[in-house]
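Okay, here's what each chain looks like letter by letter:
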Amino acid sequence: MKTIVTKSYDEMSKTAADMFETEIGNNPELVLGLATGSTPIGTYKELVRRHIEKGLDFSRTKSFNLDEYVGLSGDNPNSYRHFMNEHLFNHINIEKENTHVPDGLTENPEAYGKKYDQMILESGGIGIQLLGIGSNGHIAFNEPDEELPVETGLVELSEQTVEDNARFFQSVEHVPTQAISMGMGSIMKAEKIIILASGEGKSEVLSELLNRGKVTSRIPATFLLLHPDVTLICDEEAYSGVNR
Ligand code: GLP
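These figures come from a predicted structure and were not determined experimentally. (Residues numbered from 1 in each chain as written. Predicted model: local features only at pLDDT ≥ 70, side-chain atom pairs only at ≥ 80, totals over all residues. Heavy atoms only, no water.)

Draft legend 1. Structural context of the sheet that holds strand E10 (residues 230–235). One open sheet accounts for seven strands, arranged E1-E10-E9-E6-E2-E3-E5; its pairing is parallel. A strand with exactly one partner marks an edge of an open sheet, and here the two such strands are strand E1 (2–6) and strand E5 (99–100). Examined bridge by bridge, strand E2 (residues 31–34) and strand E3 (residues 62–65) share four bridges and lie parallel to one another. Paired with Val31 across the bridge in E3 is Lys62. Lying over the sheet, helix H4 (residues 109–122) contacts E3 and E5, oriented at roughly 150° with respect to E3. (Pairing = 2+ DSSP bridges. Helix = DSSP H or I, 4+ residues; strand = E, 2+ residues; numbered from the N terminus. Contact = heavy atoms within 4.5 Å. Axes fitted to C-alpha atoms, helices over the stretch in contact; angles between N-to-C directions.)

See below:
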């Protein structure tokens, strides 16, 4: 895993946006794998700025998001579809029909998950996948457990994640406890992966990830150590526990 440590959150965001810009420049039909959470907001802001000021062109790109809460429709302000529209899609020239976020209202998550993976495959596969990391080491909504899902489907959120994400909801009781999430295999098939981490709150999990040199389903992000093209971009605070 290549690691880039930046002085600040802004520099982290710009570095990630640089990589997106380069990859889209190399392949205007790039398939983007996108993430939600507070961490990638700065990257999306920077991509929007580059679209407006420099004409960064998304017109031929497609996108697939990692996950969505079960029970939330796309127009619910807490849904990840809404998040993506607000932070990125409404401000760039990507065709809305080429943006995919799992359907939180699907009645058959298993069949839906298979269809989602199939759509990714048929689009040519994800060229660049953006990830955040949960404080417990989850990626997308693949939570620490004895076993991890390979394919996209229904997952249960851990107590830790429900607590972490309660800040976006009215109260902890309003946080959905299930999600449709891309599986570990679906993520690992991406050609290139960028993982972002910012702030003191991520320092413990980053030290676990980088100091360990082993994979464990207790920290799903460690599976990224097996991928040939992963770049971790993190600020100094997030990196502060590494090598201690
Ligand atoms: C959520 C998302 C993840 C994200 C993580 C970290 O639960 N499902 O994709 O990486 O939380 O979020 P944040 O960036 O807000 O710390």
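Draft legend 2. Spotlight on the side chain of Glu46. On the secondary structure map, Glu46 appears in helix H2 (residues 41–54). For Glu46, a relative accessible area of 8% translates into the label buried. Engagement of the side chain of Glu46 in a polar contact is seen with the side chain of Arg49, the distance being 2.8 Å. (Buried < 20%, exposed > 50% of the residue type's maximum accessible area, 1.4 Å probe, protein only. Polar contact = N/O pair within 3.5 Å; in protein donor to acceptor, adjacent residues only side chain to side chain.)

Draft legend 3. Region of interest: the pattern of salt bridges. Overall, the coordinates contain 12 salt bridges when judged by the stated rule. In this structure, Glu21 and Arg50 form a salt bridge, with 2.7 Å as the shortest nitrogen-oxygen distance. Of this pair, Glu21 sits in helix H1 (residues 9–26) while Arg50 sits in helix H2, and the two are 29 residues apart along the sequence. Classification of Arg50 as buried rests on a relative accessible area of 5%. Within the structure, one salt-bridge network assembled from shared partners comprises Asp18, Glu21, Glu46, Arg49, Arg50, Glu53 and Lys54. (Salt bridge = Lys/Arg side-chain N within 4 Å of Asp/Glu carboxyl O.)

Draft legend 4. Just the site of the ligand, in detail. Close to the ligand lie 14 residues, the nearest being Ser38, Thr39, Asp67, Arg167 and Lys202. At a separation of 3.2 Å, a nitrogen atom of the ligand approaches a polar backbone atom of Ala140. Summarising the interface, the protein chains cover 95% of the accessible area of the ligand, which totals 390 Å² for the free molecule. Judged by its atoms lying within 2 Å of the grid points, the ligand is housed in the largest pocket. Partitioning the shell around the ligand into residue classes produces four nonpolar, seven polar and three charged. (Near = heavy atom within 4 Å. Areas by Shrake-Rupley, 256 points an atom, 1.4 Å probe, with all protein chains shown as cover. 1 Å grid on protein atoms, 1.4 Å probe; cavity = no way out; pocket = protein on both sides within 12 Å on 5 of 7 lines; lining within 4 Å. Sits in = over half its atoms within 2 Å of the grid points. Nonpolar A, V, L, I, M, F, W, Y, C, P; charged D, E, K, R; others polar.)

Draft legend 5. Local environment of the environment of Asn98. Tracing the sequence through the fold places Asn98 in the loop between helix H3 (80–87) and E5. Residues within four places of Asn98 in sequence aside, it is in contact with Thr61, Lys62 and Ser63.

Draft legend 6. Focus on the sheet that holds strand E8 (residues 178–181). With antiparallel pairing, the three strands of this open sheet are ordered in space as E4-E8-E7. Single-partner strands in this sheet number two, and they are strand E4 (67–69) and strand E7 (153–156). Looking at each pair of strands side by side, their axes are set apart by 30° on average, direction ignored. With four bridges connecting them, E7 and E8 associate as antiparallel partners. When the bridges of E8 are listed, Leu154 appears paired with Ile180.

Draft legend 7. The pairing of strand E6 (residues 128–131), seen in detail. Where burial is concerned, the two faces of E6 agree: the one with Ile128 and Leu130 and the one with Gln129 and Leu131 are both buried. Judged from the two bridges that link them, E2 and E6 form a sheet pairing that is parallel. Looking at E6, one finds that Leu32 is bridged to Ile128.

Draft legend 8. Layout of the nonpolar core. Ranked by internal contacts, the top residues of the largest apolar core, which has 69 residues, are Tyr44 and Leu88. In terms of residue count, the dominant contributor to this core is H1 (six residues). Among residues more than four places away in sequence, those in contact with Leu88 are Leu34, Tyr44, Leu47 and Val48. (Core = buried A, V, L, I, M, F, W, Y, C linked by side-chain atoms within 4.5 Å.)

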